[in-house]
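Below, each chain spelled out in residue letters.
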Amino acid sequence: MSKPLSFYRSYFLSKTMSFLRRRNGTDSSKTRVADPNIKKDGADDDDKKKDQYKIPQRRNYGSKKWSCWDNCCWFIGFICSIWWFCLFLYNTMPDSIPQFVTMAITGPLPDPPGVKLRKEGLTANHPVVLVPGVVTGGLELWEGRHCAEGLLGKRLWGGSFGEFYKRPLCWLEHISLDNDTGFDPPGIRVRPVTGLVAADYFATGYFVWAVVIANLAHIGYEEKSLYMAAYDWRLSFQNTEIRDRSLTRIKSNIELLVATHGGKKVVVLPHSMGVQYFLHFMKWVETPAPRGGGGGPDWCAKHIKAIMNIGAPFLGSPKSIALHFSIEVRDIAALRAQAPGLLDKDVLGLQTFKHLMRMFRTWDATFSMIPKGGETIWGGLDWSPETETVNNSAKKGTDNSTRNTGGNGNICNTKGVNYGRLISFSKDWAETHSSKIERVDFKHVAKGDKLTNSSNCDIWLEYHEMGNRAIKAVADHKVYTAGSILDLLHYVAPKLMARGASHFSYGIADDLDDPKYDQYKYWSNPLETKLPNAPDMEIYSLYGVGLPTERGYIYKVAPPSDCSIPFQIDTSVDGDSEDSCLKGGVFSGDGDETVPIISAGFMCAKGWRGKTRFNPSGIRTYNREYKHAPPANLLEGRGTQSGSHVDLLGNFALIEDVLRVAAGATGEDIGGDRVYSDIFKWSERINIKL
């Protein structure tokens, strides 16, 4: 007969308790010991009766005092547990809850531009082409070395960057190009990711084109009316066609979009270096085959409604100089100053700075970002467009400075700033009048004395062939302008620049009808080529203002070392006042943190404005500036009014302009020019033949 459930419950409970007693040494049936000293007559006192049965003390099975390591492990485990629990809650809760919390804190959120314009009745009209910039497009592996086993078809660039942390040297080998050919090293094939996912997010949670795509979707766009013109941003522009036929693919896809949308022309949205890439494309597509696309001189007029250039480095960026010269920019230099030597050391087999320089110098497309136009555009030893004439020999008490009032109205005090001096070796040479500077002609200094033991360097750079005499000559030249920067780079990295010079040019054309300008190296330089014959097309320059943007650098010679990079930004140098433009060895001007206003705005403000030799058909141009405003709170993320170079792609005002033009509006319909800086005033100071 079966027993009731309560019987089994009691039985197992008693057995469990018995086991626990035995384990702890407290089972009364086995641990009670009779005391022989107890009198049988029952006698003396209560205390002796209590000792009749003694219970042994509980044994200590290896317990020990907690160490700091135990505390740390438990603390980390606790934090991770809380993190994963919160992440679980976030992913399981309804989408409306975070929105409700945000609204409770900040009040009602404004409608995204796409929702707002849909309520106004705007709908998808012209197909849209997105052209990503440098480093924002994903790259995936299609053939690799043995160390990359298991990565076939997976992203090496973009996404989580997990492989960088797992096998950094292998990752660097695959993401670098061949230093002689400018293509993939033998046995390696890395190719651009295709489709809208190629550059919607750079990494998890860090948007690039995702916000623009989402707002376009709100007014009716979908994948058949959107095209991401992905390309390998490491290759020189012409090499993307030679290896991948990327320019041909862009031509074919634009023609397909126009054909499948009833003949409606496309609106092109290039960002950052994608602006220069599309300039190259427009000249390539007109050029007869086999050198070009064979589309004829009227191809752009038939297929393109407008080009809305976002964060356009039309004339390059000083950041590119610092990266090619010492693989530094402001943030990296500041990090290097806070942790001296850390980034130069061999950490887990990764000598950070030297590996980064070797990798960066194989990416030929980065040469397109070196400043164009020389001193005519960027200024000379004693003047720049932003500050007019700088008179360093003025009498005491006379203030000949101007104040940069673009963007937020007070970026910095430009008193005594010589923006034309892109590189100076010491603060004194950055401020001294040119008449008092004696400079050494470094170009004729021989490089015979190689650095001691440089042949033992694990990471070979061209700097290792220079020698101490050549390094000293570079520093003794004291000051470099946009006119002498190219000579400097040719001297310190001749192999590098020989390859770059075959694909890009940085001058100003005297005669644009000269047949030499039909060569592809000139096509991405707006000062050495003509816009297409497309009078009905429109060109916009959309860029952020109000953020300190790198404009010049103060360098020093690094302490002697066999295998180091010999030049560093001198982060110990600051200006004389709190609002100085010089901080941490970097001169700042106005812009979007990456591209100065003069580079983003000059061509549409003057170079292409009206009928000029650079714009013979009189294509209409517009400057649209977006004044930076930081996020109101953490819940706003990177901000809806940001003017920063990448965050600009999430700026609601810019997205609204893009959507209106894509829906059919013209530049005049959206208000024409909108500027906060002195770009038109600065452009007038640039004396260039139009």
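Residues numbered from 1 in each chain as written. Predicted model: local features only at pLDDT ≥ 70, side-chain atom pairs only at ≥ 80, totals over all residues. Heavy atoms only, no water.

### So, the overall build of the protein
Spelled out, the test is: Numbering of helices and strands runs from the N terminus, with a helix taken as a DSSP run of H or I at least four residues long and a strand as a DSSP run of E at least two residues long. Burial classification: accessible surface area is computed with a 1.4 Å probe over protein chains only, and a residue below 20% of its type maximum counts as buried, one above 50% as exposed, and the rest as partly exposed. Residues are treated as being in contact if the distance between any of their heavy atoms lies within 4.5 Å. Here the Shrake-Rupley method, with its probe set to 1.4 Å, supplies the accessible areas, and only the displayed protein chains count as covering residues.
Each helix and strand counted, the protein has 24 helices and 25 strands in total. Going through the 690 residues of the protein one by one, you find that 50% of them count as buried. In the protein, the share of contacts with a sequence separation of at least 24, taken over all contacts with a separation of at least 6, comes to 73%. Only carbon and sulfur atoms are counted for the fraction: they give 55% of the accessible area of the protein, which is about 32900 Å².

### A look at the sheet that holds strand β3 (residues 128–131)
Adjacent strands of a sheet pair through backbone hydrogen bonds, lying either parallel or antiparallel. Definition in use: We call two strands paired when DSSP finds no fewer than two bridges between them. Here, axes are lines fitted to C-alpha atoms. For helices the fit covers the stretch in contact, and angles between N-to-C directions go from 0 to 180 degrees.
In space, the 6 strands of this open sheet follow the order β9-β3-β10-β11-β20-β25, with parallel pairing throughout. At either end of the open sheet lies a strand with only one pairing partner, and these are β9 (226–228) and β25 (620–627). Averaged over all neighbouring strand pairs, the angle between strand axes comes to 15°, with direction disregarded. The pairing of strand β11 (residues 304–310) with strand β20 (residues 538–545) spans 5 bridges and is parallel. Bridged to Ala-306 within β20 is Glu-538. Helix α9 (residues 210–218) contacts β3, β9 and β10 (266–270) of the sheet and is inclined by roughly 165° relative to β9. Packed onto the sheet, helix α23 (residues 652–662) meets β3, β10, β11, β20 and β25 and runs at close to 170° relative to β11.

### Re the packing of helix α14 (residues 318–326) against helix α16 (residues 352–360)
The test is simple: As a working rule, the residues Ala, Val, Leu, Ile, Met, Phe, Trp, Tyr, Cys and Pro are called nonpolar, Asp, Glu, Lys and Arg charged, and the rest polar, with Gly in that last group.
Interhelical geometry of α14 versus α16 gives an angle of 115° and a closest axis separation of 8 Å. Residue-level inspection shows Leu-323, His-324, Phe-325 and Ser-326 of α14 in contact with α16, the latter providing Phe-353, Met-357 and Phe-360. A per-class count over the contact of α14 with α16 returns 5 nonpolar, 2 polar and no charged.

### Things to note about the nonpolar core
What tends to happen in soluble globular proteins is that the nonpolar side chains get buried as a cluster. Convention followed: Only buried Ala, Val, Leu, Ile, Met, Phe, Trp, Tyr and Cys residues count toward a nonpolar core, and they belong to the same one when joined by side-chain atoms within 4.5 Å.
Among the nonpolar cores identified, the biggest contains 120 residues, and Phe-281, Phe-325 and Val-474 are the most heavily contacted of them. Here this core gets 9 residues from one element, more than from any other, and that element is helix α12 (residues 273–286). Leaving out residues up to four positions away in the same chain, Val-474 has contacts with Phe-325, Phe-425, Phe-442, Met-466, Tyr-480, Leu-488, Tyr-491, Val-492 and Phe-567.

### Regarding the state of the cysteines
To be explicit about the condition: The disulfide criterion used throughout: a pair of cysteine sulfur atoms within 2.5 Å.
Inspection of every chain in the model, using the stated rule, returns 2 disulfides. Each disulfide pairs two cysteine sulfurs, and for Cys-147 the partner residue is Cys-170, the sulfurs being separated by 2.1 Å. Its torsion about the S-S bond being 80°, the disulfide of Cys-147 and Cys-170 is classed as right-handed. Taken together, the residues span a long stretch of sequence, with Cys-147 in the loop between β4 (139–143) and β5 (155–157) and Cys-170 in helix α8 (residues 168–175) at a distance of 23 residues.

### Some remarks on the confidence of the model for the protein
Spelled out, the test is: Residue-level confidence of the predictor, termed pLDDT, takes values from 0 up to 100.
Residues of the protein with pLDDT of at least 70 account for 78%, and the chain-wide mean is 84. Note on residues 27–43: pLDDT under 50 across the span, and 21 contacts to partners over four residues away in sequence or across chains. With pLDDT under 50 throughout, residues 346–350 is counted as low confidence; its partners more than four residues away or in other chains account for 10 contacts.

### A look at α9
When we look at burial in α9, the residues that qualify are Ala-210, Val-212, Ile-213, Asn-215 and Leu-216. Directly beyond the C-terminal end of α9, a positive phi value near 115° is found at Gly-220.

### Some remarks on the pairing of β3
With burial as the criterion, each face of β3 is covered, one bearing Val-128 and Leu-130 and the other bearing Val-129 and Val-131. Pairing between β3 and β9: 3 bridges, direction parallel. If you follow Leu-130 over to β9, its bridge partner there is Met-228. Alignment of β3 against β10, held across 4 bridges, turns out to be parallel. Paired with Val-128 across the two strands is Val-267, which belongs to β10.

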